[in-house]
Amino acid sequence: MASRRQVLAWSAGAFAAGVAGVAGVAQAAGKAQVEAQVAATAAAPLVIGETFTMASKVLGETRRINVYAARAWDVKPDAPLPVLFMLDGGVAEDFVHTAGLLQVSVANLTMRSFMLVGIENTVRRRDMTAPTENAEDKKIAPVVGGSAAFRQFIREELMPLVKARYNTTGETALIGESLAGMFVLETFLHAPEMFDTFIAIDPTLWWNNRHLLKTAGGLLGARKRLDKTLFVATSGEKGQPELARQLEGALSGVKVEGLRWHLAPMLDESHMTIGHPGAMRAFRTVFKPSA
């Protein structure tokens, strides 16, 4: 005859098996239900803004352009917007999170409504750099020094196309970081008529033996008036504070009527982390809503 302990063990085992069976049936039913829901509600792409390609005769290649409109709640959907042209503007680059910065800044009323136009890269280091005489600079890519052609593409092909496709106010701005920040500064010094506002985040001021720093004062001093805005944010990365001081000296050493410039040393940030906080500070400084 089985002992009382054995009977209890058998009972417990049977109960556990029964529970497991019920759980198994329930799990199978739940899985089937989930699979049915998945089949009935297929996922769709999450679309942010618009994207299109354009054939560039200047560059001899096709370029992808991404567009996002950040509008305040009281701005009509068809109201014209100023345009912020962004370098490194691919979806896998800086476009999505910069669009987010614009949207949250517009929503919390720290900047005006803006349209973001992102230029996706093909050969980044070619497009963002001016020619250089420094042998170490030339090691960063097989081809460098294409900034003049890239600027021509923006001026003669991209900007007219954006104006034709979208309802814009005519106000324009340019933003870039690192090598792209250097391109912004170079454009400000050599072709300031292209944009109203220039935003350079931690620009690579060391390029070509600090050529931009050495020539900035002379280029600016040759202009009597320049109704433009320049914002430069620099990190605490090794060497950057010294370069920033040299840039500040070049800017403060000349008096150009109408020029508004802001230099924001952000020493707690590195070259890798300054992108978001630098852009946020820039937007809040130069794109403030009307009072």
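What this report covers is the structure whose coordinates are included nearby.

About the criteria used
The residue numbers shown here count from 1 along each chain, following its written sequence. Reporting in this predicted model follows two pLDDT cut-offs: at least 70 for local features of residues, and 80 or more for side-chain atom pairs to be given and counted; totals over whole chains, interfaces and linings ignore these cut-offs and use all residues. The basis for the side-chain values is all heavy atoms of the structure; hydrogens and waters are excluded. In DSSP terms, a helix is any run of H or I states spanning at least four residues, a strand is any run of E spanning at least two, and both are numbered starting from the N terminus. What a helix is expected to span follows from its residue count: subtract one and scale by 1.5 Å. Residue contacts are counted whenever heavy atoms from the two residues lie within 4.5 Å of one another. Whenever a carboxyl oxygen of Asp or Glu lies within 4 Å of a side-chain nitrogen of Lys or Arg, that contact is scored as a salt bridge. Here the term buried applies to any residue with accessible area under 20% of the maximum for its type, exposed to any over 50%, and partly exposed to those in between, with areas from a 1.4 Å probe on protein chains only. Take the buried Ala, Val, Leu, Ile, Met, Phe, Trp, Tyr and Cys residues and link them wherever side-chain atoms come within 4.5 Å; each set so joined is a nonpolar core. Polar contact is defined as a pair of N or O atoms within 3.5 Å, subject to the rule that within protein one atom must be able to donate a hydrogen and the other to accept it, and that residues adjacent in sequence are counted only when both atoms are side-chain atoms. Two distance rules govern patches: like charges are joined within 9 Å, and nonpolar side chains (Val, Leu, Ile, Met, Phe, Trp, Tyr) within 5 Å, applied only to residues with over 30% relative accessible area and no salt bridge. A 1.4 Å probe and the Shrake-Rupley method give the accessible areas. Residues count as covered only by the protein chains that appear here. The angle separating two fitted axes, one through the seven residues that finish at a residue and one through the seven that start at it, defines the bend at that residue. By convention, a stacked pair of Phe, Tyr or Trp rings (six-membered ring in the case of Trp) has centres within 6.5 Å and planes under 30 degrees apart, an edge-to-face pair has planes over 60 apart, and any other such pair is tilted.

With respect to unusual backbone geometry
Inference 1: Here Asp 88, not a glycine, exhibits a phi torsion of approximately 55°, which is positive.
Inference 2: On the secondary structure map, Asp 88 appears in the loop between β3 (81–86) and α2 (95–107).
Inference 3: Positive phi, close to 50°, is recorded for Asn 208, a residue that is not glycine.
Inference 4: Mapping Asn 208 onto the fold places it in helix α6 (residues 207–221).

Observations regarding α2
Inference 1: Taking 1.5 Å per residue, 13 residues should reach 18 Å; α2 reaches 18 Å between its end C-alpha atoms and fits that length.
Inference 2: Contact partners of the buried residues in α2: β2 (61–70), β3, β4 (114–119) and α8 (275–286).
Inference 3: Positioned one or two residues after α2, Leu 109 has a phi angle of 65°, which is positive.

Considering the pattern of salt bridges
Where charged atoms from two side chains of opposite charge come close, those side chains can pair.
Inference 1: By the definition in use, this model includes 12 salt bridges.
Inference 2: The partner of Arg 225 in a salt bridge is Glu 257, and the shortest N-O contact between them spans 3.2 Å. Separated by 32 residues along the polypeptide, Arg 225 in the loop between α6 and β7 (229–235) and Glu 257 in the loop between α7 (240–252) and β8 (260–266) bring together distant segments of the chain.
Inference 3: When its relative accessible area of 51% is taken as the criterion, Glu 257 is described as exposed.
Inference 4: Three or more residues are tied together by salt bridges with common partners; here these are Glu 61, Arg 63, Arg 126 and Asp 127.

So, the nonpolar core
Inference 1: Counting residues in each nonpolar core, the largest one holds 52 residues, and the members touching the most others are Phe 85, Leu 87, Phe 150, Ile 154 and Leu 220.
Inference 2: For this core, the leading source of residues is helix α5 (residues 179–190), giving eight residues.
Inference 3: Phe 114, Ile 201, Phe 231 and Phe 283 belong to the second largest nonpolar core, which has 28 residues in total.

Structural notes on the side chain of Arg 151
Inference 1: Along the chain, Arg 151 turns up in helix α4 (residues 147–165).
Inference 2: Looking at Arg 151, its side chain comes within polar contact range of the side chain of Thr 187, at 2.9 Å.
Inference 3: Contact partners of Arg 151, with chain neighbours within four places excluded, come to Phe 183, Glu 186, Thr 187, Ala 191 and Met 194.

Thoughts on a nonpolar patch on the surface
Inference 1: A cluster of nonpolar side chains, namely Leu 46, Ile 48, Val 91 and Val 96, defines an oily patch on the protein surface of about 400 Å² accessible area.
Inference 2: Tracing the backbone shows Leu 46 in the loop between α1 (4–40) and β1 (50–56).
Inference 3: Of the residues examined, Leu 46 reaches a relative accessible area of 79% and is grouped as exposed.

Side note on the side chain of Thr 234
Inference 1: Checked against the element boundaries, Thr 234 lands in strand β7.
Inference 2: Relative accessible area serves as the criterion here: at 1%, Thr 234 is assigned to the buried category.

What about α4?
Inference 1: Over its 19 residues, α4 runs 25 Å from end to end, which matches the ideal 27 Å to within 8%, given 1.5 Å per residue.
Inference 2: Considering bend angle alone, the principal kink of α4 is centred on Leu 158 and spans about 35°; proline Pro 160 follows within four residues of it.
Inference 3: The set of residues buried in α4 consists of Ser 147, Phe 150, Arg 151, Phe 153, Ile 154, Glu 157, Leu 158, Met 159 and Val 162.

Some thoughts on the packing of aromatic side chains
By convention here, two paired aromatic rings are described through the distance between centres and the angle between planes.
Inference 1: As enumerated under the stated definition, the model contains eight aromatic pairs in all.
Inference 2: Measuring from ring centre to ring centre gives 6.1 Å for Trp 206 and Trp 207, while their planes differ by 55°; the resulting arrangement is tilted.
Inference 3: With centroids separated by 6.1 Å and ring planes inclined at 25°, the aromatic side chains of Phe 283 and Phe 287 adopt a geometry described as stacked.
Inference 4: For Phe 287, a relative accessible area of 0% corresponds to the buried category.

Bear in mind that shape data such as this cannot, by itself, settle questions of function.
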